[in-house]
Every structure is written in structure tokens, then in C-alpha cells.
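# Coordinate analysis (summary)
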Amino acid sequence: MRKACLCAALAAVLAGCGGDDAARPKRTAYPRIAVEADTAGRVEMLDGVAVTVNRAASFRRDSLRAGWADIEYPAGLGATIHLSVVHPESPAEAVANRRKRMALNLGDAPATAEEFHSGPWVCLLVRSTQAGLTTPVQILAASADGRIVSGAAVLRNPGNNADSIRPLVQLLADDARTLLEHLR
């Protein structure tokens, strides 16, 4: 009897492991995004710095503040990257202040930070797919001559589900990386 039960249990486990590997559509999936990351982009000038912007997004300089601009994605995405270029008297203090602001924007949300060099620029890209976070992608770049580029992507409707914002955060992070890699 004991052998029969053991054989039946083993057969049930093995039956569950077999089967076909055919892909099956899931009931829900990541939302489709019509805009793709744009590694070529178009170049816009902001306070003497060339920045590469996704061709599907608009670039709007702030008429009241020199060195400030918004990269606005199509309305359906609900995302904007607020960007600034500054030439502070104390670049080290400005970088420390910006890093502190980035941490405050994240709160307790888990995030990944990636530092790299792009020509004369030391760059930082921070991203998080925490649900409900309005600033999931943030950037910071400092050049040897004291210029600082910083920005934060803002989601108008961050959603309650990390899976639903993941494709949008990926798009924004890819575009932010392209912007940082092509700073001139």
C-alpha cells in the first residue's frame, strides 16, 4: 500500500513536470508603448550643452529660467523629464545637494544607480520601478569645467502596480542614458 501511494505521488509530480512548452498568452501583460527608446534622437542646445532628445518627445525651454527645459513625451504616456544645466560657483556642493535631492525623491523606494563616464562628464543614472513613485528616473552629470546637468522624469499617473509602469520606466531610463552618453 505504501509503495502504491509513493508511486502515485511520484507519477503526479512527474506528470506536472511534463507537458508542452508552447507559449500561451497571459490574461494580462505589460501595456504597449507606441514610443520607443531613441538612441539617435535629435540634438537640442540648453545653456551651451548639447542634449540628445527622443524624436517622439517635444523639447520646451523654460522662458522664465535660463538653463531649464522640459522633455515632454506624447500625452498618452504621461511623462516629462525636467532638465536643467547650471554653472554653480561650487560644483562639489551643487553635486552633493543634487544627490541629496535624488535620495529624497526616492524615499524608501528600492532603486538602482549606475555611474559612468561620457567624455568629460561623470554621469549618474538612478531608476526605480516602485509603484506610486512619481520620479522613477533621475540623472546627474558633472563636467570638469563645473557644468552640471540634472533631471528627473516625472510620471503624472504613476499607477499602483510596478508591472504597469515598468515599460515606461524602461523607456525613460533608456532615453536618459542616451542623453547622458551624448552630452557635449
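Let me begin by describing the structure that accompanies this report.

Definitions and cut-offs
- For every chain, the first residue of its written sequence is number 1, and the numbers climb from 1 along that sequence.
- The predicted nature of this model means local features are confined to residues of pLDDT at least 70 and side-chain atom pairs, given and counted, to a pLDDT of 80 or more, with totals for whole chains, interfaces and linings taken over all residues.
- Side-chain metrics in this entry use all non-hydrogen atoms of the structure; hydrogen atoms and water are not considered.
- Only centres within 6.5 Å qualify two rings of Phe, Tyr or Trp (six-membered ring in Trp) as a pair; their planes then separate them into stacked at under 30 degrees, edge-to-face at over 60, and tilted for everything else.
- Whether a charge sits over a ring depends on NZ of Lys or CZ of Arg being within 6 Å of the ring centre and within 35 degrees of the ring normal.
- Grouping buried Ala, Val, Leu, Ile, Met, Phe, Trp, Tyr and Cys residues that are joined through side-chain atoms within 4.5 Å yields what is termed a nonpolar core.
- Categorising residues by exposure relies on relative accessible area from a 1.4 Å probe, with only protein chains included: less than 20% of the type maximum marks a residue as buried, more than 50% marks it as exposed, and the intermediate range marks it as partly exposed.
- By the criteria applied, helices consist of DSSP H or I runs no shorter than four residues and strands consist of E runs no shorter than two, each listed in order from the N terminus.
- The contact definition used throughout considers only heavy atoms, calling two residues in contact when any of these lie within 4.5 Å.
- As defined here, a cavity is a set of points on a 1 Å grid over the protein atoms alone where a 1.4 Å probe fits but cannot get out. A pocket is an open set with protein on both sides within 12 Å along at least five of seven lines, and residues line them when an atom is within 4 Å of a point.
- Grid points are joined across faces, edges and corners, and a volume is the space filled by probe spheres set on the points.
- Criterion for a salt bridge: a side-chain nitrogen of Lys or Arg within 4 Å of a carboxyl oxygen of Asp or Glu.

### Quick word on the packing of aromatic side chains
Going through the model one piece at a time under the given rule, you end up with zero aromatic pairs. One Lys or Arg, Arg65, reaches over the ring of Trp68 and ends 4.0 Å from the middle of that ring. Over the ring of Phe116 we find Arg177, and its NZ or CZ is 4.3 Å from the ring centre.

### Quick look at the nonpolar core
Across soluble globular proteins, nonpolar side chains have a tendency to be buried as a group. By size, the foremost hydrophobic cluster in this structure holds 35 residues, and its most contacted members are Ile71, Tyr73, Leu172, Leu180 and Leu183. Of all the elements, helix α3 (residues 162-181) adds the most residues to this core, at nine residues. Setting aside chain neighbours within four positions, we find Leu180 in contact with Phe116, Ser118, Cys123, Leu124, Leu125, Ile139, Leu140 and Ala141. With nine residues, the next largest nonpolar core counts Leu124, Leu133, Leu140 and Ile148 among its residues.

### Considering the side chain of Thr52
Tracing the sequence through the fold places Thr52 in strand β2 (residues 49-53). What makes Thr52 buried here is its relative accessible area of 7%. With sequence-adjacent residues up to four places away left out, Thr52 is seen in contact with Ala40, Gly41, Arg42, Val43, Thr178, Leu179 and His182.

### Here we look at unusual backbone geometry
Phi angles above zero are rare outside glycine, and Asp47 is one such case at about 50 degrees. Inspection of the secondary structure puts Asp47 in the loop between β1 (42-46) and β2. Among the residues examined, Asp47 registers a relative accessible area of 38% and is labelled partly exposed.

### Some remarks on empty space enclosed by the protein
If you walk through the whole model with that rule in mind, you get one cavity of 30 Å³ or more. Contributions of two or more residues to the lining of the largest cavity are made by β2 and α3. Of the residues forming the lining of the largest cavity, the biggest block, four residues, is contributed by α3.

### Observations regarding the pattern of salt bridges
In a structure, side chains of opposite charge can pair up when their charged atoms sit close to one another. On inspection of all chains with the given rule, the structure shows nine salt bridges. When the shortest N-O distance is used, the salt bridge between Asp62 and Arg65 registers 3.2 Å. Accessibility expressed as a relative area gives 25% for Asp62, which makes it partly exposed. One salt bridge in this structure joins Asp145 and Arg147, with 3.1 Å as the shortest N-O distance. A cluster of three or more residues bridged by salt bridges with shared partners is formed by Arg42, Glu44 and Arg61.

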